[in-house]
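Results of the structural survey
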Amino acid sequence: MEVLFLKHNMAKPVLVTGFEPFGKHTVNISAEVAKDLDGLEIRGHTIQSHVLSVDYDGAVFTSNLLNESNFAAIIHLGLAENSSNPRIEIRAKDILDFRIPDNSGRHVRNTPISGAGDLFSTIKPEDWDIDTMIDSPVISQDAGEYLCNETLYRTLLKIDENTPCFFLHLPLQQKDAVGLVLQCIDRMLRPPCIDVGAGAIILDGKFLAARRAPSEKHAGWWEFPGGKFEEGENVSQCLVREISEELELDVITGESIGEWIFDHGDVVVRLHVMECFVTGGTMKLHVHDKVQWCEGPDEVDWLGPDRDIAAAISAKLRLHRQHS
Ligand code: PCA
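One structure accompanies this document, and this report is about it. (Residues numbered from 1 in each chain as written. Predicted model: local features only at pLDDT ≥ 70, side-chain atom pairs only at ≥ 80, totals over all residues. Heavy atoms only, no water.)

1. Focus on the site of the ligand
Our working rule: For each residue, the test is whether any non-hydrogen atom lies within 4 Å of the molecule or strand; if one does, the residue is near. For this analysis, a polar contact is any N or O atom pair within 3.5 Å, provided that within protein one partner can donate a hydrogen and the other can accept it, and provided that sequence-adjacent residues contribute only side-chain to side-chain pairs. Note on areas: Shrake-Rupley, 1.4 Å probe, and residue coverage restricted to the protein chains presented here. Each helix is a run of DSSP H or I of at least 4 residues and each strand a run of E of at least 2, with the numbering of both proceeding from the N terminus. Three residue categories are used. Nonpolar comprises Ala, Val, Leu, Ile, Met, Phe, Trp, Tyr, Cys and Pro, charged comprises Asp, Glu, Lys and Arg, and polar comprises the others, including Gly.
Every residue lining the ligand is accounted for by Phe19, Phe22, Asn28, Gly78, Leu79, Tyr146, Leu147, Cys148 and His169. Interatomic distance of 2.8 Å between a side-chain N/O atom of Asn28 and an oxygen atom of the ligand. Leu147 places a main-chain nitrogen or oxygen 3.4 Å from an oxygen atom of the ligand. For the ligand, the accessible surface in isolation is 270 Å², of which the surrounding protein chains cover 94%. Those elements that provide at least two residues to the shell around the ligand are strand S4 (73-79) and helix H4 (147-158). Of the residues that constitute the shell around the ligand, the class distribution is six nonpolar, three polar and no charged.

Quick look at the structure:
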């Protein structure tokens, strides 16, 4: 009983695999990175790494391991010899077509792996804010037709969608591959993004900042009015409702200012920011205790990412002033 209880309460490990050198290569960056990460802790999970042989045994290693082990997340690493950027492989193709034999001499040509069709990685890269990630990774639909593709395919055949798993192809040269892999694992383990609308209420070339009241979470910090999307709402509908609830103002929405993803630790928020224009109502504050019309980004103490948003809005308004 006690053993079971303990097991249940222990955080599952994260699996990282790399590959041995193959073909003309004498080193494989993916093996080095996997070894560097072994034993590190991330979000309370310990990384367990393995270096796979570049052959059938390597391709099925993880799938076999899954018969007896459970992982919080799985990331397979490999070398992409012809790529200049790291590649986040989101698809495993149901095909093998080896240009050169693998390290055991196996040479598969134009053969499906299962015949069941392509499989997809179980991650949500749209929640990852990829543009801000280390060493500029790109999303790829093509993991090749060699061992990397085969390995991803065989693992995806085995797992369900609750285990985040994908293949990260690393280029020959990269500044901080270890940093990128850690960042990917962090993205895989963090909570899913919550969609939140934030309104840039604009009047006479200025935008409205509102200070959170003493009774509210993050009291004293300034933010854009807004809140979580309710079931079935789009950004615009969310903002019209939230601004009426928070400020008793009627607004219509204008152009989109952009999207920002922000990790608060316990929640990850995707902020959808839109211009809003007041059409009616008299301002009355419900969750804020003060408002201020701003022109620049540094006139109040912004909460979290709202400073970046304020900077984007001021830049847009400045541009608008120059052209009118
Ligand atoms: N890269 C090869 C197999 C092993 C590796 O590191 C590939 O891209 O398939």
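2. Considerations on the packing of helix H2 (residues 29-37) against helix H5 (residues 177-189)
Worth spelling out the cut-off: The axes are straight lines fitted to the C-alpha atoms, using for helices just the contacting stretch, and the angles between their N-to-C directions are given from 0 to 180°. The handedness criterion is simple: a crossing whose near helix is rotated anticlockwise from the far helix by less than a right angle is left-handed, and one whose near helix is rotated clockwise is right-handed. By the convention used here, residues are in contact when the closest approach between their heavy atoms is within 4.5 Å.
At a closest axis distance of 10 Å, the pairing of H2 and H5 adopts a crossing angle of 65 degrees. For the pair H2 and H5, the sense of crossing is right-handed. Touching Ile29, Val33, Asp36 and Leu37 of H2 are Ala177, Val178, Val181 and Leu182, all from H5. Each residue belonging to the contact of H2 with H5 can be placed in one class, and the counts come to seven nonpolar, no polar and one charged.

3. Details of the pattern of salt bridges
Side-chain pairs of opposite charge can arise where the charged atoms are in close proximity. Where we set the bar: For this document, the term salt bridge refers to a Lys or Arg side-chain nitrogen within 4 Å of an Asp or Glu carboxyl oxygen. Each residue is placed in one exposure class: buried if its accessible area under a 1.4 Å probe, protein chains only, is under 20% of its type's maximum, exposed if it is over 50%, and partly exposed if it falls in between.
As enumerated under the stated definition, the model contains 29 salt bridges in all. Among the ionic pairs, Arg270 bridges to Asp195, the shortest N-O distance being 3.0 Å. Here the residue Arg270 occupies a position in strand S15 (residues 268-281), and Asp195 occupies one in strand S10 (residues 193-203), the gap between them amounting to 75 residues. For Glu259, the salt bridge goes to Arg270, with nearest N and O atoms at 3.8 Å. Pair noted here: Glu259 is in strand S14 (residues 249-263) and Arg270 is in strand S15, with a separation of 11 residues, a long-range link. The exposed category is assigned to Glu259, whose relative accessible area is 54%. Judged by relative accessible area, which is 9%, Arg270 ranks as buried. In the salt-bridge network here, residues are joined through shared partners; they are Lys124, Asp127, Asp195, Glu259 and Arg270.

4. Structural notes on the nonpolar core
Quick reminder of the rule: Side-chain atoms within 4.5 Å are what join buried Ala, Val, Leu, Ile, Met, Phe, Trp, Tyr and Cys residues into a set we call a nonpolar core.
Judged by nonpolar contacts, the single largest core of 54 residues is most densely connected at Val16, Ile75, Trp128, Phe166, Leu168 and Ile185. At the level of secondary structure, the elements contributing two or more residues to this core comprise strand S1 (14-19), H2, strand S3 (45-52), helix H3 (56-65), S4, H4, strand S9 (165-170) and H5. With seven residues, H5 is the largest single contributor of residues to this core. Discounting chain neighbours no more than four positions away, the residues touching Phe166 are Ile74, Ile75, His76, Ile88, Glu89, Ser121, Ile123, Trp128, Leu152, Cys184 and Met188.

5. Details of the environment of Val16
Positionally, Val16 belongs in strand S1. On the accessibility criterion, Val16 (0% relative accessible area) is buried. Apart from the residues within four sequence positions on either side, Val16 is in contact with Ala34, Leu37, Ile47, Gln48, Ser49, His50, Ile75, Leu77 and Ile185.

6. Things to note about the packing of aromatic side chains
Operational definition: Stacked, tilted and edge-to-face are the three classes assigned to paired rings of Phe, Tyr and Trp, where Trp is represented by its six-membered ring and a pair needs centres within 6.5 Å; plane angles under 30 degrees give stacked, over 60 edge-to-face, the rest tilted.
A complete count under the given rule lists six aromatic pairs for this structure. When the ring of Trp128 is compared with that of Phe166, the centres are 5.4 Å apart and the planes differ by 80 degrees; the resulting orientation is edge-to-face. A residue pair is termed long-range when its members are at least 10 positions apart, and Trp128 in the loop between strand S7 (119-120) and strand S8 (138-140) and Phe166 in strand S9 qualify at 38 residues. In this structure, Trp128 and Phe166 share a single accessibility class: buried. Geometrically, the ring pair formed by Phe224 and Trp302 is stacked, given 4.7 Å between the ring centres and 15 degrees between the ring planes. Here Trp302 lies in the loop between strand S16 (288-294) and helix H7 (306-322) and Phe224 lies in the loop between strand S12 (222-223) and strand S13 (226-228), a separation of 78 residues in the sequence.

7. A few points about the state of the cysteines
Quick note on the threshold: The disulfide definition used here is simple: a pair of cysteine sulfur atoms within 2.5 Å.
This structure, assessed with the given rule, holds zero disulfides. Not engaged in a disulfide, the cysteine Cys184 finds its nearest cysteine sulfur in Cys165; these two sulfurs lie 12 Å apart. For Cys184, a relative accessible area of 0% gives the class buried. Counting only cysteine sulfurs, Cys184 is the nearest neighbor of Cys193, a cysteine outside any disulfide, at a range of 15 Å.

8. Some points on the pairing of S14
Convention followed: Pairing between strands requires that DSSP locate at least two bridges from one strand to the other.
Here 12 bridges tie S14 to S15, and the two strands are oriented antiparallel to one another. Considered in S15, the bridge of Ser256 is made with Met274. The hairpin turn running from S14 into S15, its antiparallel successor, is four residues long, and Gly265 in that turn takes a positive phi close to 95 degrees.

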